[in-house]
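Coordinate analysis (summary)
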Amino acid sequence: MSKDNVIDQYTANVLQNGISRRSFMTRAVQGTGAVAFAGLGGMASATAAESGAEAAHASVGGGTLDFMPKPKPIADKDIASTQTFDVVVVGAGAAGVPAALSAAENGAKVAVLQKQAIVVSQGNTGSGLDLKNCDKAGVEAMVSRLMSDSAHRCHPELVREWAYNSGEAISWVIDRAKKGGASVVDQGTGPQHGIHGVTEHKLNFVTSYFGPKPYTAGDGMRDLAKTAEKAGVKFFFNTPAQQLIQDASGKVIGVIAKSRDGKYHKYMAKKGVILSSGDYQNNEAMCNFFIPDLKNFERKQMERTGDGFSMAYWAGGVIEPVGHTKMLHDFDAGPASMCDMPFLAVNRKGNRFVNETVAMSLMNNYLRDEENAGHYSQIFDSNYMTEAADWPGKLYSPEQLKKYMPEDPTPKTGVYASQTNTYVANTIEELAEKLECDPKTLAANVKRYNELCAKGMDDDFGKPSSKMLPVVKAPFYGIHRRMRISTICSGMLVNKNHQALDADGKPIGGLFVIGNLGGGFYGGVDYPLTVFGLSLGRCYTFGYLAGKHVANL
């Protein structure tokens, strides 16, 4: 048996514990006596036994899969038009637009189907390794660290695909986006504060930055799309994909989408379909099943309804096991460089609740209840510039903080007005009012914290004495932060070429999955912040690689 046909341990585990039509069918048999499902229109018909489970709504781990409704076949008579391309990309975002352009540059005729009226993406920074300025031992140390960040549950092949191709891909995105008029620069290794201590070997980065705010990666991808259009890519906006088209063998050969007038259209793909339609954070049923502990958190994005998951699932794909990786951090509320500084942290009422050395991106795990719902505040006094000077990160002076203060007239350049949540006050009680905490509660907690600082021992949460900074000298500062779901980072099982795999671990012909719809790259409870810009870097890289691969089939 060739190496390519061997199912590795990671894939075997996901196949065993992931959610697929087969696993659902098996559990349905065990729980209700009903079995599997029929496929999409164009597939070989299912067995008679499969028809029962659809009505049974069988459970997996106590939850139903009602959020994966079986698509109703769309008859040929209802198809208004048919167009044929080499590659069809579903979703125009940080993975889809690079995939489309990469495929076009490799000679493919490409169509992009986008549910929204414009290209949509989020964030600013995308990162990759500058291989020519890295030692291989350093690269492997970075891979090892990212594996550790993901609780060793991610697929090493996919992490290495990013590591050994990302620098080239990010440089390509920067170059092509500039050709479309983008405001983008390579910040190099400078922003990568989190990599210190990863390795003693040489490690350098290409770090794309679309900005400053309010210009973001969304604007950057719209500019990249202009370059893609010049390369011949055809974008179809307001055209949500409805279902995949498969031949009798199960190979994906196209997509049916609906235009604004309600008519259906076929987009046939000679070489393959690339799904890049994003996560499912706005699909309440999917969230309740896969991330039930996040029900109290606000969503940062809109129209992320898991459409691609349903399409890939019904084509035979496997969704990663429950325990999906999520990203909850919001750098708009106060300087990003101060978010991980271990200032006194209090919840919405004003109570201290955590050892403040916990990273900001992990604070959500302490704030899941309905009352706090991801909200907390950092508290510090006017000594912070000297007392916290040696802490990791970068301090902003009182003057620099003013652009984050809603009560100060300083222009809010680079900061969204709705996210200016930094306050200053002459008393703790006054600060509490501004932070919407209970004044008596906050005052009592500050008093207790100051006593622990004077003692030099944190009897309440065990924070190191070197990070115990008392709150004693007015004026006092508070940065109100809120954790919102930025994205869900788990998805469909794929191989190193980003081709979707079925329940046997075999590639599904013609179907490729990238971006936050693609699985296997993460695995921990929370998105890792060791590499600043890893999420967009992964999207750009896998879009670049998948587009090239499918175009050359």
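Up top you'll find the structure we're talking about.
A brief structural summary. Just so it is clear, the structure is predicted and the values come from calculations on it, not from any experiment.

1. A short note on the overall build of the chain
- On a plain count of helices and strands, the chain comes out with 14 helices and 19 strands.
- Relative to a compact globule of 553 residues, whose C-alpha radius of gyration would be 24 Å, the chain shows 25 Å and is just as compact.
- When its C-alpha atoms are laid out on the principal axes, the chain stretches across 75 × 55 × 50 Å.
- Expressed as a percentage of its 553 residues, the buried residues of the chain come to 57%.
- Once local pairs closer than 6 in sequence are excluded, the contacts in the chain between residues at least 24 apart make up 72%.
- Carbon and sulfur atoms make up 50% of the accessible area of the chain, which amounts to about 22100 Å² in all.
- The distance from the centre of the 58 positive side-chain charges to the centre of the 56 negative ones in the chain is 5 Å.

2. Considering the side chain of Glu320
- Topologically, Glu320 is positioned in the loop between helix H9 (307-314) and strand E12 (326-327).
- Despite its burial, Glu320 pairs with no opposite charge; the closest candidate is Arg538, at 6.6 Å N-O.
- Engagement of the side chain of Glu320 in a polar contact is seen with the backbone nitrogen of Gly491, the distance being 2.7 Å.
- Excluding its chain neighbours within four sequence positions, the residues that come into contact with Glu320 are Tyr10, Val14, Gly18, Phe290, Ser490, Gly491, Gly519, Gly520 and Tyr522.

3. Structural notes on unusual backbone geometry
- Cis geometry is found at the peptide bond from Lys213 to Pro214, where omega equals 10°.
- By the secondary structure assignment, Pro214 is in the loop between strand E7 (205-210) and helix H7 (217-230).
- Note the cis peptide between Ala474 and Pro475, where omega equals 0°.
- Structurally, Pro475 is set in the loop between helix H13 (439-455) and strand E16 (476-482).
- For Ala373, which is not glycine, the phi dihedral falls at a positive 45°.
- Along the polypeptide, Ala373 turns up in the loop between strand E13 (344-346) and strand E14 (375-381).

4. Thoughts on the pattern of salt bridges
- Overall, the coordinates contain 26 salt bridges when judged by the stated rule.
- Salt-bridge contacts for Arg352 lead to Asp458; the nearest nitrogen and oxygen are separated by 2.7 Å. Of the two residues, Arg352 sits in the loop between E13 and E14 while Asp458 sits in the loop between H13 and E16, which places them 106 residues apart along the sequence. Assigned by exposure class, Arg352 and Asp458 land together as buried.

5. Brief notes about helix H5 (residues 136-149)
- When the terminal C-alpha atoms of H5 are compared, their 20 Å separation across 14 residues agrees well with the 20 Å that a helix rising 1.5 Å per residue should span.
- What H5 keeps buried is the set Gly138, Val139, Ala141, Met142, Val143, Leu146 and Met147.
- Taken together, the buried residues of H5 touch strand E5 (125-129), helix H6 (156-179), E7 and helix H14 (534-551).
- Where H5 terminates, the next one or two residues include Ala151, which has phi positive at roughly 60°.

6. Re the state of the cysteines
- Using the criterion set out here, one finds 0 disulfides in the structure.
- Cys489 forms no disulfide, and the closest cysteine sulfur to it belongs to Cys539, at a distance of 8.6 Å.

7. Describing the sheet that holds strand E6 (residues 184-186)
- One open sheet accounts for 3 strands, arranged E5-E7-E6; its pairing is antiparallel. What marks the edges here is a single partner per strand, and that holds for E5 and E6. Taking each pair of neighbouring strands and ignoring which way they run, the sheet shows an average axis angle of 15°.
- Judged from the 3 bridges that link them, E6 and E7 form a sheet pairing that is antiparallel. For Asp186, the partnering residue across the bridge sits in E7 and is Ser208.

8. Some details on the packing of aromatic side chains
- Inspection of every chain in the model, using the stated rule, returns 18 aromatic pairs.
- Seen from their ring centres, Trp172 and Tyr544 are 4.8 Å apart, and the 50° between their planes marks the pair as tilted. In this pair, Trp172 sits in helix H6 while Tyr544 sits in helix H14, placing the two residues 372 residues apart along the sequence. Here Trp172 matches Tyr544 in class, with each residue buried.
- Pairing Phe343 with Trp391 gives two aromatic rings, centres 5.2 Å apart and planes at 50°, and the pair type is tilted. On the criterion of sequence distance, the pair formed by Phe343 in the loop between E12 and E13 and Trp391 in the loop between helix H10 (384-387) and helix H11 (398-401) is long-range, its members being 48 residues apart. The two residues Phe343 and Trp391 agree in class, both being buried.
- Following the ring pairs from residue to residue traces out a cluster consisting of Phe343, Phe380, Tyr384, Trp391 and Tyr477.

9. Let's talk about the sheet that holds E14
- One open sheet accounts for 4 strands, arranged E13-E14-E16-E15; its pairing is antiparallel. The two strands at the open ends of the sheet, each matched to only one other strand, are E13 and strand E15 (422-425). Each strand of the sheet is rotated relative to its neighbour by a mean of 25°, with strand direction disregarded.
- By the bridge criterion, 7 bridges tie E14 to E16 in an arrangement that is antiparallel. Looking at the pairing, Gln378 lines up with Ile479 of E16.
- The sheet strands contacting helix H12 (residues 428-435) are E14, E15 and E16, and the helix crosses E15 at an angle near 155°.

Conventions we followed
Residues numbered from 1 in each chain as written. Predicted model: local features only at pLDDT ≥ 70, side-chain atom pairs only at ≥ 80, totals over all residues. Heavy atoms only, no water. Helix = DSSP H or I, 4+ residues; strand = E, 2+ residues; numbered from the N terminus. Rg over C-alpha atoms; globule rule 2.2 N^0.38 Å. Buried < 20%, exposed > 50% of the residue type's maximum accessible area, 1.4 Å probe, protein only. Contact = heavy atoms within 4.5 Å. Areas by Shrake-Rupley, 256 points an atom, 1.4 Å probe, with all protein chains shown as cover. Lys, Arg positive; Asp, Glu negative; His and termini not counted. Charge placed at Lys NZ, Arg CZ, Asp CG, Glu CD. Salt bridge = Lys/Arg side-chain N within 4 Å of Asp/Glu carboxyl O. Polar contact = N/O pair within 3.5 Å; in protein donor to acceptor, adjacent residues only side chain to side chain. Expected span 1.5 Å × (residues − 1). Disulfide = S-S within 2.5 Å. Pairing = 2+ DSSP bridges. Axes fitted to C-alpha atoms, helices over the stretch in contact; angles between N-to-C directions. Phe/Tyr/Trp six-rings, centres within 6.5 Å; stacked < 30°, edge-to-face > 60°.

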